[in-house]
Amino acid sequence: MNQLALNKYLLVILCLLVVACSGTKHLPPGEKLYTGAKIKIKSSSDVDKKDKRLAKAVAKDALRPNPNKSFLGMRFRLWKYMVFGENPKTKFGKWVKSSGEPPVLLSDLKPNITSSIIDSKLFNFGFFKSYTDFKLIEKRRTAQVVYTCYVHNPFKISVFAHAVTNDTLSEILLVNRKNSLVKPGDTYRLDVLKKERERIDVLLKDRGYFYFNPDYLIFKADTSAVNKTVSLILALKDSVPQRALTVYRINRVFIDQQYRLSQIARGKNGDTTQFGGYLFRGKQSDMNIKPWVIVQSVFLRKNETYSRQNHTLTLNHLMSLGTNKFVQVKFSDSDTAAHGFLDVEILMTTMTNYNFRAEMDVVTKSNNFTGPRMNVSLLNRNTFRGAELLSLSLAGSYEAQLSRSAQNLYSYSLSPQVDLVFPRFIVPFGIRDRRSIYVPKTKVSLSYSYLKRVSYFGMQTLQAGFGYKWRETLLKEHEFNPISLSYTSLRNQSAEFTELLASNPFLKKSYNEQFIGGCSYSFTYNEQVLPLKRIQFYFHVTGETAGNLFTLTKIVSGEKPTSKNPSTLLGSVYSQYAKLSVDTRTYINFRHKNRLAVRFFLGVASPYGNSSVLPYNKQFFSGGSNSLRAFQINSVGPGTYNQNADSIIFMQLGGNIKLELNVESRFTIYRFLKGALFVDMGNIWMQKSSPACIGEPFLAKAFISELAIGAGVGIRFDVSFFLLRFDLAMPLKKPWLDKGKRWVIDEINFGSSEWRTNNLILNVAIGYPF
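I will try to describe carefully the structure that is included in this document. (Residues numbered from 1 in each chain as written. Predicted model: local features only at pLDDT ≥ 70, side-chain atom pairs only at ≥ 80, totals over all residues. Heavy atoms only, no water.)

### Here we look at the overall build of the protein
Scanning the protein from terminus to terminus reveals 14 helices and 29 strands. In terms of principal-axis extent, the alpha carbons of the protein reach across some 95 × 90 × 60 Å. Here the protein, with 770 residues, has 43% of them falling under the buried criterion. Across the protein, every contact between residues at least 6 apart in sequence was considered, and the portion connecting residues at least 24 apart equals 64%. By element, 57% of the accessible surface of the protein is carried by carbon and sulfur atoms, the whole surface being about 41700 Å². Taking the average place of the 103 positive charges on the side chains of the protein and the average place of its 58 negative ones, the gap between the two points comes to 4 Å. (Helix = DSSP H or I, 4+ residues; strand = E, 2+ residues; numbered from the N terminus. Buried < 20%, exposed > 50% of the residue type's maximum accessible area, 1.4 Å probe, protein only. Contact = heavy atoms within 4.5 Å. Areas by Shrake-Rupley, 256 points an atom, 1.4 Å probe, with all protein chains shown as cover. Lys, Arg positive; Asp, Glu negative; His and termini not counted. Charge placed at Lys NZ, Arg CZ, Asp CG, Glu CD.)

Structure, rendered in structure tokens:
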């Protein structure tokens, strides 16, 4: 059979498939399938193209109903619904039908009503005197509608003025007029007028107008058909109640820490304890949290003007304490003789103070190490009756290498940790009340870790830290750790490990630098909390330094620490270095929850003064399930160096510089089943001044040719609270090969078991890589 004949047969098969999956074969008698609508815009020549596009978009948004979904003319979901008839008899048939979609028929259409809806929506966007007609285009089994909209230039706002009869309200509006959303020269839009009313409502509620409502405001319009303009006057309705125009103040504030949702609020009756101008229900000794802690989170204060902002701050701060399940704030008119006072009742439903959690999972790494991991923790949400969160945790793991060449290669670890978090800043000086909506945190931590690399060494690490974490806005977060201490010691070093260190001075120095004392700061900007934003940005930068204070102390005492003659602290050489890393990401969201994700990572670190080499746990590594997925964990670099995972097992080499770029397309296959296509590239390098002679150092003119590149496909099971990820990747470029031979695309051979064994990497992980 020649190629031409084969193409003809394929074309016939494709046509039959399209016809079979079109969904029109099983339609009810006399019915036609609605295949959608078209919008045509007709206007005079002076209408701007931008306004025509706006009118078309507005009209499209009004189209109802939506036709059945199709792909290349095939309606698979409609076909699944129709193929088994009205009442499928088998479970499989019922399941297939339930995953399909019913036909959208011509009889379901009401084009007259749709035309009126289009005109109404166009009116709301300033096309005041437009009209729409329609035409049905029918075929043998299908039909569509063509809507033609006759529009003119949209009306623009010529004048916007206030005519509020209440003098106090009028003055507030005039002072804040620069923040108005309605501006002369803008196109008339109803949604902007609604937002302006809501803005004014928020403004007035922050100034004590507790009972005000945006519905009390009206816009009066006067149009000019000649100039296509509209004059707007903002006024109060005639029937506004007097209390909506009254400024209210706070009178009494009742706080109930033991409120239960099933009980009726006790109102203003019952025993109370006064503290700081607030009335607490019950005795102070019986209260879950000390009154002074609660008072710091309450911004509704006696005799102050009511403010919606203070109301919101109170709710957010009380919930952020971490001890409350629910918080309600209720207001009622005070029974005082004076008018314009509110009584406040704060009802707090607390959680249990203690929480125990145990987790166990199995970890699989791309270097064939697999094993169980367990973590148990005990939480106390109210340790000292000040909403302090105490966490006691114990983690343990065991992993072994599952391969034919593995001979008694395994490791295990045990890591107890204590964390204490205070819901406030703990500083030796006062901090001005910024009335931030977010509660700052102060964290104290202490941990110990024992890691046994069998046949190599045992490592003990003691860490302590003190720091602060606070959110500036919804998108911006800061973390500052002024104290970060770490002491590491090696025990039971085997002859093989000693020989390995002796053959690699760089690795030996990495482990000799055992005491780290310094500080760190990080800043995060994250737009992923804005789910409706189409393009979302993420930016995270971290900087840390270590050893500077110790070196300054040594210099003051007359010593001159250098990397060749390093000073010690508590009998151990201390590290001195600076480190900076930047992680930027861009997420572009498309329809049906499809997304393009791009990440760029840059890391630079440099030892100096008392050190010539970075501590091993402060170096950069590349490769693995959250990095370059076509390469085994931490196996890429430095530079053109070829790491042999079988010879050094746990001792992969790191670098001082890291560059990495990841591009991933994420799409939905079926409901919770997601897919991905990705490309990863990057590497790590030593600095040119590094004493190690491993791989090529970082050079601006050569680093691009030394990038490792891989690509692959992924399957993800996303059940909202849990995501299991399977990423299969293969290398496209190996930087350790000779120049001219680093691209290995031409060597791809899925049919070869040897190629698959040496090149395909399956990454199994929880959560997205970035």
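### Comments concerning helix H10 (residues 495-503)
An α-helix turns once every 3.6 residues. As a result, residues three or four positions apart point the same way. Considered for burial, the residues of H10 that qualify are Phe497, Leu500 and Leu501. Here the buried residues of H10 occupy an arc of 95° about the axis, which is enough to place them on one side. Turned more than 90 degrees off the buried face of H10, the exposed positions are Ala495, Glu499, Ala502 and Ser503. (Arc of directions from axis to C-beta.)

### Observations regarding the sheet that holds strand S10 (residues 324-333)
Strand order in this open sheet of five strands is S8-S9-S7-S11-S10, and the pairing throughout is mixed. If you trace the sheet from one side to the other, it starts and ends with strand S8 (272-275) and S10, each paired once. Averaged over all pairs of adjacent strands, the angle between strand axes in this sheet comes to 25°, irrespective of strand direction. Two elements, strand S7 (residues 249-256) and strand S11 (residues 341-350), share six bridges in a ladder whose sense is parallel. Directly across from aspartate 256, in S11, lies its bridge partner leucine 347. Across the sheet, helix H9 (residues 308-320) touches S10 and S11, and the angle it forms with S10 is around 155°. (Pairing = 2+ DSSP bridges. Axes fitted to C-alpha atoms, helices over the stretch in contact; angles between N-to-C directions.)

### What about the sheet that holds strand S1 (residues 33-43)?
Sheet architecture is open: three strands sit in the order S1-S3-S2, paired in mixed fashion. Across the chains shown, the open sheet's two edge strands, defined by having one partner strand only, are S1 and strand S2 (131-138). When strand polarity is set aside, the average angle formed by the axes of neighbouring strands in this sheet is 20°. The strands touched by helix H2 (residues 49-61) are S1 and strand S3 (142-151); relative to S1, the strand with the most contacts, the crossing angle is about 150°. Relative to the sheet, helix H5 (residues 111-124) contacts S1, S2 and S3, its axis offset from that of S2 by approximately 145°.

### What to know about the side chain of glutamate 544
Structurally, glutamate 544 can be placed in strand S20 (residues 535-546). Under the relative-accessibility criterion, glutamate 544 is labelled buried at 17%. Residues within four places of glutamate 544 in sequence aside, it is in contact with Cys519, Ser520, Tyr577, Ala578, Lys579 and Lys618.

### Re the pattern of salt bridges
Per the counting criterion, the structure on display carries 25 salt bridges. Between glutamate 664 and arginine 666 there is a salt bridge, with the nearest N and O atoms lying 2.5 Å from each other. Shared partners join several salt bridges into a network, and the residues in it are Arg629, Glu664, Arg666, Asp680, Arg716, Arg725 and Asp727. (Salt bridge = Lys/Arg side-chain N within 4 Å of Asp/Glu carboxyl O.)

### Concerning the environment of leucine 232
Tracing the chain through its elements places leucine 232 in strand S6 (residues 229-236). Using a relative accessible area of 1% as the deciding quantity, one classes leucine 232 as buried. Separated by 527 residues in sequence, leucine 232 and asparagine 759 place their C-alpha atoms 69 Å apart. Not counting residues within four places of it along the chain, the set of residues in contact with leucine 232 comprises Ile157, Val159, Phe160, Ala161, Val182, Leu193, Lys220 and Ala221.

### A look at the packing of aromatic side chains
Any pair of aromatic rings gets described here by the distance separating the centres and the angle formed by the planes. Enumeration according to the criterion identifies 28 aromatic pairs in this entry. Residues phenylalanine 123 and phenylalanine 128 carry aromatic rings whose centres are separated by 4.6 Å and whose planes lie at 35° to one another, so their mutual orientation is tilted. By relative accessible area, phenylalanine 123 is classed as partly exposed at 38%. Where phenylalanine 128 meets tyrosine 188, the ring centres are 5.0 Å apart and the plane angle is 70°; that geometry is what we call edge-to-face. Here the residue phenylalanine 128 occupies a position in the loop between H5 and S2, and tyrosine 188 occupies one in the loop between helix H6 (167-175) and helix H7 (190-205), the gap between them amounting to 60 residues. Pair check on accessibility: phenylalanine 128 and tyrosine 188 agree, each one buried. Ring-pair connections join several aromatic residues into one group, and the members of that group are Phe210, Tyr211, Tyr248, Tyr306 and Phe331. (Phe/Tyr/Trp six-rings, centres within 6.5 Å; stacked < 30°, edge-to-face > 60°.)

### Brief notes about a nonpolar patch on the surface
Taken together, the side chains of Trp95, Ile669, Tyr670, Phe672, Ile715, Phe717, Val719, Phe721, Phe722 and Ile766 define a hydrophobic patch exposed on the protein surface, amounting to about 990 Å² of accessible area. Contributing elements (two or more residues each) for the nonpolar patch: strand S25 (657-670) and strand S27 (708-718). Position of phenylalanine 717 relative to the elements: it lies in strand S27. Of the residues examined, phenylalanine 717 reaches a relative accessible area of 33% and is grouped as partly exposed. (Patch = residues over 30% accessible without salt bridge, like charges linked within 9 Å, V, L, I, M, F, W, Y side chains within 5 Å.)

### Regarding unusual backbone geometry
With omega at -5°, the peptide bond leading from arginine 64 into proline 65 counts as cis. With respect to the helices and strands, proline 65 occurs in the loop between H2 and helix H3 (76-82). With an omega of 0°, the peptide bond between glycine 637 and proline 638 qualifies as cis. On the secondary structure map, proline 638 appears in the loop between strand S24 (595-607) and helix H13 (645-648).

### What about the pairing of S25?
Bridge count for S24 against S25 is ten bridges, and the pairing is antiparallel. For valine 604, the partnering residue across the bridge sits in S25 and is isoleucine 657. Here S25 runs beside strand S26 (residues 673-685); their pairing, made up of 13 bridges, is antiparallel. The residue of S26 that forms the bridge with valine 663 is valine 679.

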